[in-house]
Amino acid sequence: MSMKQTIYGLYSSLQSIFIKNVSVDRNRLPRHIAIIMDGNGRWAKSKGLPRKEGHKAGAETLRTIASYCSEIGIEALTVYAFSTENWSRPKEEVDALMELLQEYLDRADEFLIGKDNRIRVLGAPDGLSQKLLQSIRALEEKTKHNTGMTLNIALNYGGREELTQAARRIAADCVAGKLPPEKINSDVMEQYLYTASLPELDLMIRPSGELRLSNFLLWQCAYSEFWFSNINWPDFTPKHLQLALHDYQKRNRRFGGV
Ligand code: IPE
Ligand code: IPE
Ligand code: MG
């Protein structure tokens, strides 16, 4: 292990030890949280492991954080698992990610469904294997009447792609005479997005130190609050989420008003 890796290891353990105890008001929780699960590769590198190990550890973190969100009463959690741009990674990494996603969905029962949660996958089906698509459909079907938290997994998701497919379907409905163009407003737009029927996005979280959206939920984050952290996703714990919730509850959301 290199000096840099050792220092990083120490730094992240210290960060976890010294997270302040913060209070979170359970009556003022965000209804909908989004997380860009980033930093798996850097986490693995800091430990001298292959990137795939970072993705594995990231999947475990998702299990913990999704359960925590469901327990405290979050209505919707949307996580960025694979972007439309992530296909540009080496085939070996893409394959490993697809395998992990398949495994995650296969084992979702153990972690979430028993707790009455609903699972939805947001994104384009193009490029996904038949097996994965079948698992997605089965899981969505099986959980569609559950009334707990909705876990949305953004898989082959891109904000621009989402808006483009919405425009395409809206145009088709206009041409077919099902939708008069003058009726198109922001509520109608929302019905054509992957996030249709979900609550407004209140809080967007990005760990790993990057300060960008990377094509995530471009429409939905118009008035959401942002929370960034340097911690890599595999090191992210419910404590970090509590910090984000604590900060969120201190914000003054004006929505353009005074
Ligand atoms: C996030 O971690 C997972 C995906 C994008 C699929 P990364 O793989 O982007 O990790 P870093 O950013 O290289 O550390
Ligand atoms: C965003 O992370 C996508 C996911 C976390 C799935 P990236 O690692 O792909 O984003 P960039 O390349 O840093 O913008
Ligand atoms: Mg990344």
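As the structure is a prediction and not an experimental result, all values here were calculated from the model.

Draft legend 1. Expanded view of the pairing of strand E3 (residues 118–122). In terms of burial, E3 is a largely internal element, four of the five residues being buried. Where E3 and strand E4 (residues 150–157) come together, five bridges link them in parallel fashion. Directly across from Ile119, in E4, lies its bridge partner Leu151. As for the winding sense of the linkage, the β-α-β connection from E3 through helix H6 (residues 130–143) to E4 is left-handed.

Draft legend 2. Broad picture of the site of ligand 2. Contacts to ligand 2 come from Ile36, Met37, Asp38, Tyr80, Ala81, Phe82, Asn86, Arg89, Arg206, Arg212 and Ser214. Contact distances for ligand 2 include 2.9 Å between an oxygen atom and a side-chain N or O atom of Asn86. For ligand 2, an oxygen atom lies 2.6 Å from a polar atom in the side chain of Ser214. Burial of ligand 2 by the surrounding chains reaches 77%, relative to a free accessible area of 380 Å². Because more than half of its atoms lie within 2 Å of the grid, ligand 2 is assigned to the largest pocket. The element best represented in the shell around ligand 2 is strand E2 (residues 76–83), accounting for three residues. Counted by class, the shell around ligand 2 contains five nonpolar, two polar and four charged residues.

Draft legend 3. Here's a closer look at the pattern of salt bridges. If you walk through the whole model with that rule in mind, you get 18 salt bridges. In this structure, the salt-bridge partner of Arg31 is Glu75, at a minimum N-O distance of 2.8 Å. Remark: Glu75 occurs in the loop between helix H3 (51–72) and E2 and Arg31 occurs in the loop between helix H1 (3–17) and strand E1 (32–36); sequence separation between them is 44 residues. For Arg31, a relative accessible area of 44% gives the class partly exposed. Classification of Glu75 by relative accessible area gives partly exposed; the value is 35%. As a salt-bridge pair, Arg206 and Asp38 come within 2.7 Å of each other at their nearest N and O atoms. Linking Arg206 in strand E5 (residues 203–206) with Asp38 in the loop between E1 and helix H2 (40–46), this pair joins segments that are 168 residues apart in sequence.

Draft legend 4. Up close: the side chain of Thr195. With respect to the secondary-structure elements, Thr195 resides in the loop between helix H8 (186–191) and E5. Residue class for Thr195 comes out buried when judged on its relative accessible area of 8%. Among the polar contacts listed, one links the side chain of Thr195 to the side chain of Gln220, at a separation of 2.8 Å. Not counting residues up to four positions away in its chain, the partners in contact with Thr195 are Arg120, Leu122, Glu162, Leu217 and Gln220.

Draft legend 5. Region of interest: the sheet that holds E4. Pairing in this open sheet of six strands is parallel, and the strands run E3-E4-E2-E1-E5-E6 from one edge to the other. Only two strands of the sheet have a single partner each, and these edge strands are E3 and strand E6 (225–228). Here the average twist between neighbouring strands, direction ignored, is 20°. Sheet strands touched by H6: E3 and E4. Its angle to E3, the strand with the most contacts, is close to 140°.

Draft legend 6. Inspection of helix H9 (residues 238–250) at higher detail. Across its 13 residues, H9 extends 19 Å between first and last C-alpha, which sits within 8% of the 18 Å expected from 1.5 Å per residue. For H9, the set of buried residues is His240, Leu241, Gln242, Leu243, Ala244, Leu245, His246, Tyr248 and Gln249. Among the structural elements, E1, H3, E5 and E6 are those in contact with the buried residues of H9.

Draft legend 7. Looking closely at the layout of surface pockets. Taken as a whole, the largest pocket encloses approximately 630 Å³ of empty space. Around the largest pocket, the lining is made up of 28 residues, and of these Met37, Asn40, Tyr80, Ala81 and Asn86 lie nearest the centre. Breaking the lining of the largest pocket down by element, the ones donating at least two residues are H2, H3, E2 and helix H4 (91–106). A per-class count over the lining of the largest pocket returns 14 nonpolar, eight polar and six charged.

What counts, and at which threshold
- Throughout, residues of each chain are indexed from 1 in the direction in which the sequence is written.
- Think of it this way: whatever chain is written first is A, whatever ligand is written first is 1, and the rest follow in order.
- Predicted model: local features are reported for residues with pLDDT of at least 70 only, side-chain atom pairs are reported and counted for 80 or more only, and whole-chain, interface and lining totals are derived from all residues.
- Heavy atoms throughout the structure, all of them, feed into the side-chain values; hydrogens and water do not.
- Relative accessibility thresholds used throughout: buried, under 20% of the residue-type maximum; exposed, over 50%; partly exposed, between the two (1.4 Å probe, protein chains only).
- Comment: elements are numbered from the N terminus, with helices defined as DSSP H or I runs of at least four residues and strands as E runs of at least two.
- Note: two strands are recorded as paired if DSSP finds a minimum of 2 bridges between them.
- Here a crossover is taken to be right-handed if, once the strands point away from the viewer, the path from the first strand over the helix to the second is traced clockwise.
- Proximity is defined per residue: if any heavy atom of the residue lies within 4 Å of a molecule or strand, that residue is considered near it.
- Contacts described as polar in this section are N or O atom pairs within 3.5 Å, which, within protein, must combine one atom able to donate a hydrogen with one able to accept it, while residues neighboring in sequence count only if both atoms come from side chains.
- Methods summary: accessible areas were calculated by the Shrake-Rupley approach with a probe of 1.4 Å, and residue burial reflects only the protein chains presented.
- Throughout, the protein atoms alone are placed on a 1 Å grid, and a set of points is a cavity if a 1.4 Å probe fits but cannot get out or a pocket if it is open with protein on both sides within 12 Å along at least five of seven lines; lining residues have an atom within 4 Å of a point.
- Molecules are considered to sit inside a cavity or pocket once more than half of their atoms lie within 2 Å of its grid points.
- Gly counts as polar in this scheme, as do all residues outside two lists: the nonpolar Ala, Val, Leu, Ile, Met, Phe, Trp, Tyr, Cys and Pro, and the charged Asp, Glu, Lys and Arg.
- Definition used for salt bridges: Asp or Glu carboxyl oxygen within 4 Å of a side-chain nitrogen of Lys or Arg.
- We call two residues in contact whenever any of their non-hydrogen atoms come within 4.5 Å of each other.
- Axis definition: a line fitted to C-alpha atoms, over the contacting stretch in the case of helices. Angles run 0 to 180 degrees between N-to-C directions.
- In a helix, the anticipated span is given by 1.5 Å times the number of residues less one.
- Grid points are joined across faces, edges and corners, and a volume is the space filled by probe spheres set on the points.

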